Amino acid sequence: GQQVMQIPQYQHVQEGEDFTTYCNSSTTLSNIQWYKQRPGGHPVFLIQLVKSGEVKKQKRLTFQFGEAKKNSSLHITATQTTDVGTYFCAPQGGKLIFGQGTELSVKP
Amino acid sequence: GAVVSQHPSWVICKSGTSVKIECRSLDFQATTMFWYRQFPKQSLMLMATSNEGSKATYEQGVEKDKFLINHASLTLSTLTVTSAHPEDSSFYICSASMGGPNYGYTFGSGTRLTVV
């Protein structure tokens, strides 16, 4: 299956600061999905990116898919305490394989 | 929207016993479901792909005789952990997809298994 590396593993920010997590692959991806898992919860689907160079926004969240379709990023503007959780990228090619995730903590 | 129900949410069992976990798609049919295991502070590891009416496909390193998967209907998949040992203690989560780019995969709420 397609493997991805996700960085950073942890990110601690002050409320109001921005946050970015990166997802990198050595091979071209057909698509990439992003999920959020709150502490003690289960993953929740955020978005799917398919097109080269695609950029999608959901309120304060901006998702990008690289031109070469080998990397993706999730950027959160002005973090809030409700953003706390682990964000996973996952290429989907018949089955969903998760990256290592980035755990975000937000200090009020 | 798509809803996946998973039961039980937590279970404690004795070493050597078997535990069955159920995963149901409530408002859609799922010919394929996926089973994951997650250890604390780690990512979700795909264990197997459950296929309705046929044998499950297991990921490398996952013992198919220990983790029995049955997908007898379009809305139900079960995972049975046989002869459980303390090292099997983990968070088990199932998922399914309605299909299409706007849905992604819907996950059950997970089952926290503790083997004592």
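A few points on the structure. Throughout, residues of each chain are indexed from 1 in the direction in which the sequence is written. Chain letters start at A and ligand numbers start at 1, both assigned in the order the entries are written. A pLDDT threshold of at least 70 governs which residues receive local features in this predicted model, and a stricter bar of 80 or more applies before side-chain atom pairs are shown or counted, although totals over entire chains, interfaces and linings include all residues. To obtain the side-chain values, all non-hydrogen atoms of the structure were included, while hydrogens and water were left out.

1. Details of the interface of chain B and chain A
Argument step 1. We call two residues in contact when some of their heavy atoms are within 4.5 Å. The interface is formed by 18 residues belonging to chain B together with 18 residues belonging to chain A.
Argument step 2. For the chain B and chain A pair, buried surface summed over both sides reaches about 1,500 Å², with 55% attributable to carbon and sulfur atoms.
Argument step 3. Whenever a carboxyl oxygen of Asp or Glu lies within 4 Å of a side-chain nitrogen of Lys or Arg, that contact is scored as a salt bridge. Summed over the shared surface of chain B and chain A, the number is 2 salt bridges.
Argument step 4. Where A:E103 meets B:K41, a salt bridge forms, and the shortest distance between an N and an O atom there is 3.1 Å.
Argument step 5. In protein, a polar contact requires one atom able to donate a hydrogen and another able to accept it; more generally it is a pair of N or O atoms within 3.5 Å, and residues adjacent in sequence count only if both atoms are side-chain atoms. At the surface where chain B touches chain A, the tally comes to 7 residue pairs in polar contact (both at pLDDT 80 or more).
Argument step 6. Secondary structure elements follow DSSP: runs of H or I no shorter than four residues count as helices, runs of E no shorter than two count as strands, and numbering proceeds from the N terminus. For the side of chain B that touches chain A, the elements supplying multiple residues, two or more each, are strand 4 (32-38), strand 5 (44-51), strand 9 (90-97) and strand 10 (105-107) of chain B. Accessible area that two parts lose when put together, with a 1.4 Å probe and added across both, is what the buried area reports.

2. Observations concerning the pattern of salt bridges
All names here are of chain A.
Argument step 1. Enumeration over the complete set of coordinates arrives at 6 salt bridges over all chains.
Argument step 2. Residues R60 and D83 are paired through a salt bridge, measuring 2.9 Å at the closest nitrogen-oxygen approach. Here D83 lies in the loop between strand 8 (71-76) and strand 9 (85-91) and R60 lies in the loop between strand 6 (55-58) and strand 7 (61-65), a separation of 23 residues in the sequence.
Argument step 3. By relative accessible area, R60 is classed as partly exposed at 23%. Any residue under 20% of the maximum accessible area for its type is buried, any over 50% is exposed, and the rest in between are partly exposed; the area is computed with a 1.4 Å probe on protein chains only.

3. Describing the nonpolar core
Argument step 1. Residues belong to one nonpolar core when they are buried, are Ala, Val, Leu, Ile, Met, Phe, Trp, Tyr or Cys, and are joined through side-chain atoms within 4.5 Å. B:W35, B:F67, B:L79, B:Y92 and B:L113 are the most contacted members of the largest nonpolar core, which has 25 residues in total.
Argument step 2. At the level of secondary structure, the elements contributing two or more residues to this core comprise strand 2 (10-13), strand 3 (19-25), strand 4, strand 5, strand 7 (67-73), strand 8 (76-81), strand 9 and strand 11 (111-115) of chain B.
Argument step 3. In this structure, A:F19, A:I47, A:L104 and A:V106 belong to the second largest nonpolar core, which totals 19 residues.

4. Regarding the state of the cysteines
Such a bond, covalent and formed between the sulfur atoms of two cysteines, is termed a disulfide.
Argument step 1. In what follows, a disulfide is any cysteine sulfur pair within 2.5 Å. Taken as a whole and assessed by the stated rule, the structure comprises 2 disulfides over all chains.
Argument step 2. Put simply, A:C23 and A:C89 are joined by a disulfide, and their sulfur atoms are 2.0 Å apart. Between A:C23 and A:C89, the S-S dihedral sits near 75°, and the bridge is therefore right-handed. Here A:C89 lies in strand 9 and A:C23 lies in strand 3 (residues 19-24), a separation of 66 residues in the sequence. Accessibility assignment for this pair places A:C23 and A:C89 in one class, buried.
Argument step 3. Each sulfur in the disulfide pair B:C23 and B:C94 lies 2.0 Å from the other. Given an S-S torsion of about 85°, the disulfide between B:C23 and B:C94 has right-handed geometry. Residue B:C23 is found in strand 3, and its partner B:C94 is found in strand 9; the two are separated by 71 residues along the sequence. Comparing B:C23 with B:C94 shows no difference in burial state: the two are buried.

5. Quick notes on the sheet that holds strand 3 of chain B
What holds strands together in a sheet is hydrogen bonding between their backbones, with the strands either parallel or antiparallel.
Residues and elements named next belong to chain B.
Argument step 1. Paired strands, as defined in this entry, are two strands with at least two bridges between them according to DSSP. Within the open sheet, the 4 strands sit side by side as 1-3-8-7. Their pairing is antiparallel. Every other strand in the sheet has two partners, leaving strand 1 (4-7) and strand 7 as the edge strands with one partner each. Between one strand axis and the next, the sheet turns by 15° as a mean value, whatever way the strands run.
Argument step 2. Across 5 bridges, strand 7 lies against strand 8 in antiparallel orientation. Across the sheet, N70 pairs through a bridge with T78, a residue of strand 8. Interaxial angle, 0 to 180 degrees, is taken between N-to-C directions of lines fitted to C-alpha atoms, where a helix line uses only the stretch in contact.

6. Thoughts on the environment of A:G16
Residue and element names in this part refer to chain A.
Argument step 1. Along the polypeptide, G16 turns up in the loop between strand 2 (10-14) and strand 3.
Argument step 2. Exposure remark for G16: the relative accessible area of 43% places this residue in the partly exposed category.
Argument step 3. Remark: the alpha-carbon pair of G16 and T62, spanning 46 residues in sequence, is separated by 16 Å.

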